[in-house]
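# Structural overview for review
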Amino acid sequence: AYVNSDMLQLMKQGLGTQLRHLIELLDGDVAQQYQDAGLEYRPRYTPIMRALKALETASIGQLAEAAGITQPAATQTVNLMKKEGLVTAEAGDDGRQRLVRLSTHGKEMLPALESCWAATKAAADDLDAQLASPLSTCLAEAISALEAKPFIARIHEARTRLDSTSTKRKEKKT
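Residues numbered from 1 in each chain as written. Predicted model: local features only at pLDDT ≥ 70, side-chain atom pairs only at ≥ 80, totals over all residues. Heavy atoms only, no water.

### Quick word on helix α4 (residues 60-67)
Note the threshold: Under the scheme applied here, a residue whose accessible area is under 20% of the maximum for its type counts as buried, over 50% as exposed, and between as partly exposed, the area being computed with a 1.4 Å probe on protein chains only. Helix and strand labels come from DSSP, where a helix needs a run of H or I of at least four residues and a strand needs a run of E of at least two; each type is numbered from the N terminus. This arc is taken over the directions from the axis of the helix to the C-beta atoms. Residues count as neighbours in contact if any of their non-hydrogen atoms are within 4.5 Å of one another.
By the burial criterion, the buried members of α4 are I60, L63, A64 and A67. The buried residues of α4 occupy an angular sector of 100° when projected down its axis, which confines them to one face. If you follow the buried residues of α4, they end up packed against α3 (46-55), β1 (57-59), α5 (71-83) and β3 (98-102). Positive phi appears at G68, one or two residues downstream of α4, with a value of about 75°.

### A closer look at the pattern of salt bridges
Test applied: The term salt bridge refers to a pairing of a side-chain nitrogen on Lys or Arg with a carboxyl oxygen on Asp or Glu at a separation within 4 Å.
A full pass over the atoms with the stated rule returns five salt bridges. Of the charged contacts, one joins K53 and E114 as a salt bridge, the two residues approaching to 2.8 Å between their closest N and O atoms. Placement of the pair is K53 in helix α3 and E114 in helix α6 (residues 104-130), with a sequence separation of 61 residues. Here K53 falls in the partly exposed class, since its relative accessible area comes to 44%. Judged by its relative accessible area of 31%, E114 is partly exposed. A salt bridge links D125 to K121, with the shortest nitrogen-to-oxygen separation between them at 2.9 Å. Linking D125 with K121, this pair stays in helix α6, spanning four residues, or about one helical turn.

### Some remarks on α3
Looking at α3, one finds that the buried residues are T46, I48, M49, A51 and L52. At the exit of α3 stands E56, carrying a positive phi of roughly 70°.

### Some points on a nonpolar patch on the surface
We count it as follows: Note on patches: the residues involved have over 30% relative accessible area and no salt bridge, like charges join within 9 Å, and the nonpolar side chains Val, Leu, Ile, Met, Phe, Trp and Tyr join within 5 Å. Note on areas: these come from Shrake-Rupley sampling with a 1.4 Å probe, and a residue is covered only by the protein chains present in the view.
A cluster of nonpolar side chains, namely L15, L19, L139, I143, L146, F151, I152 and I155, defines an oily patch on the protein surface of about 720 Å² accessible area. Put simply, the parts of the chain that give the nonpolar patch at least two residues each are α2 (15-36), α7 (135-148) and α8 (151-173). Take L146: it is sitting in helix α7. Accessibility expressed as a relative area gives 37% for L146, which makes it partly exposed.

Structure representation (structure tokens):
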């Protein structure tokens, strides 16, 4: 069947679809690496593991900040990690925060994880070297731009421009 350029434009994946696909490609292979190393471990644990390695003990808020993730994401990840015996969590002095630390099992996994992380970094560096613009740089720039001006603000501005253009076209026709 013939596909014309208009159909190709309609079929072009949106930004969200492309990002999800990229994450699937990356996380799937990183998860496979952990499995190949005999580790029961999810890639999403890495920011928390690295933060706890550096901080030793931290509140959920501190972990979220150090890991560069949201507090709800940190809470959810820590809960999963507790179930797998990688971390422990206990009430802080004031009873309002939970203090998280690596369990003995989590600490024992660190040498194997650090080896996996080094291989992952080397593979990411190799990928960056093959791209016209390094993915790591592009992602850092996108994150910075979105922190400065959230995507919802951009959506509202785009909708206003599109609505204005649509109104002007209708006015010309009448």
